[in-house]
Amino acid sequence: FMSKVSTESDSEFDARYKAFFNRKDIDGWECRKAMNDLSGMDLVPDPEIVIAALHACRRLNDYALATRFLETVKDKCGPRVNEIYPYILQEIRPTLTELGIS
């Protein structure tokens, strides 16, 4: 069997996940499912996706989920964590401040 080849561009992928997390009617299960799907992929989510996910956590009033997602993002950086994660934090810092996530 051949694996499915995606023709989705990086920007289309980012837009799809941002739109999903930005849904006003997202529930806890859907949010966790999308985060789990992202964690299973061979990528580090773009900061814009992380921001949308954090806002979804805020709408769900789930601080613990936001914290676990940030831990997952950090883990996804792998051996380049000292290069990638500071960049992500730099990009999401205004959102962390806005949402009161320390």
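My aim in this report is to walk through the structure given alongside it, one point at a time. Predicted model, so just to flag it, every value in this text is computed and none were measured.

Comments concerning the packing of helix α1 (residues 10–21) against helix α2 (residues 28–39)
The contact between α1 and α2 brings their axes to 10 Å, and the two run at 155 degrees. Comparing the axis directions of α1 and α2 gives the class roughly antiparallel. Considering only the axes of α1 and α2, their crossing is left-handed. Here Phe-13, Tyr-17, Phe-20 and Phe-21 of α1 lie close against α2, whose contacting residues are Glu-30, Cys-31, Ala-34, Met-35, Asp-37 and Leu-38.

Thoughts on the packing of helix α4 (residues 63–76) against helix α5 (residues 81–99)
When two helices pack together, their arrangement is captured by the angle between the axes and the distance separating the axes. It is the contact of α4 with α5, at a shortest axis distance of 9 Å, that shows an interaxial angle of 150 degrees. Between α4 and α5, the crossing angle belongs to the class labelled roughly antiparallel. Note on element contacts: α5 touches α4 through Val-81, Tyr-85, Ile-88, Ile-92 and Leu-96, opposite Leu-70, Val-73 and Lys-74. Residue composition of the contact of α4 with α5, by class: seven nonpolar, no polar and one charged.

Points about α5
Since there are 3.6 residues in each turn of an α-helix, residues three or four apart along the chain are aligned in direction. Helix geometry: α5 is bent most strongly at Ile-92, by close to 55 degrees, with proline Pro-94 lying one to four residues after it. Those residues of α5 lying buried are Tyr-85, Ile-88, Ile-92, Thr-95, Leu-96 and Leu-99. The secondary structure elements touched by the buried residues of α5 are α3 (47–59) and α4. Remark: Gly-100 follows α5 within two positions and exhibits a positive phi of approximately 75 degrees.

Some details on α2
For α2, with twelve residues, the first-to-last C-alpha span of 16 Å sits near the 16 Å given by 1.5 Å per residue. Those residues of α2 that fall on the buried side of the exposure criterion are Cys-31, Ala-34, Met-35 and Leu-38. Taken around the axis of α2, the buried residues stretch over an arc of 100 degrees, which confines them to a single face. Seen from the open side of α2, the exposed residues pointing more than 90 degrees away from its buried face are Trp-29 and Asn-36. Next to the buried residues of α2 lie α1, α3 and α4.

So, the side chain of Asp-14
Within the secondary structure, Asp-14 is located in helix α1. It is Lys-18 that comes nearest to the buried, bridge-free Asp-14 among opposite-charge side chains, at 6.7 Å. In this view, Asp-14 contacts Asp-46 and Ile-49; residues no more than four positions away in its chain are not counted.

What to know about the state of the cysteines
Considering all chains together, one arrives at zero disulfides under this definition. Considering cysteine sulfurs only, Cys-31 is the nearest to Cys-57, which forms no disulfide, with 4.5 Å between them. Distance from the sulfur of Cys-77, which forms no disulfide, to the nearest cysteine sulfur (Cys-57) is 17 Å. Taking the relative accessible area as the measure of exposure, Cys-77 reaches 4% and is therefore buried.

Scoring rules and cut-offs
- Residues numbered from 1 in each chain as written.
- Predicted model: local features only at pLDDT ≥ 70, side-chain atom pairs only at ≥ 80, totals over all residues.
- Heavy atoms only, no water.
- Axes fitted to C-alpha atoms, helices over the stretch in contact; angles between N-to-C directions.
- Helix = DSSP H or I, 4+ residues; strand = E, 2+ residues; numbered from the N terminus.
- Parallel < 35°, antiparallel > 145°, perpendicular 65-115°, else oblique.
- Left-handed = near helix turned anticlockwise from the far one by under 90°.
- Contact = heavy atoms within 4.5 Å.
- Nonpolar A, V, L, I, M, F, W, Y, C, P; charged D, E, K, R; others polar.
- Bend = angle between axes of the 7 residues up to and from the residue.
- Buried < 20%, exposed > 50% of the residue type's maximum accessible area, 1.4 Å probe, protein only.
- Expected span 1.5 Å × (residues − 1).
- Arc of directions from axis to C-beta.
- Lys, Arg positive; Asp, Glu negative; His and termini not counted.
- Salt bridge = Lys/Arg side-chain N within 4 Å of Asp/Glu carboxyl O.
- Disulfide = S-S within 2.5 Å.

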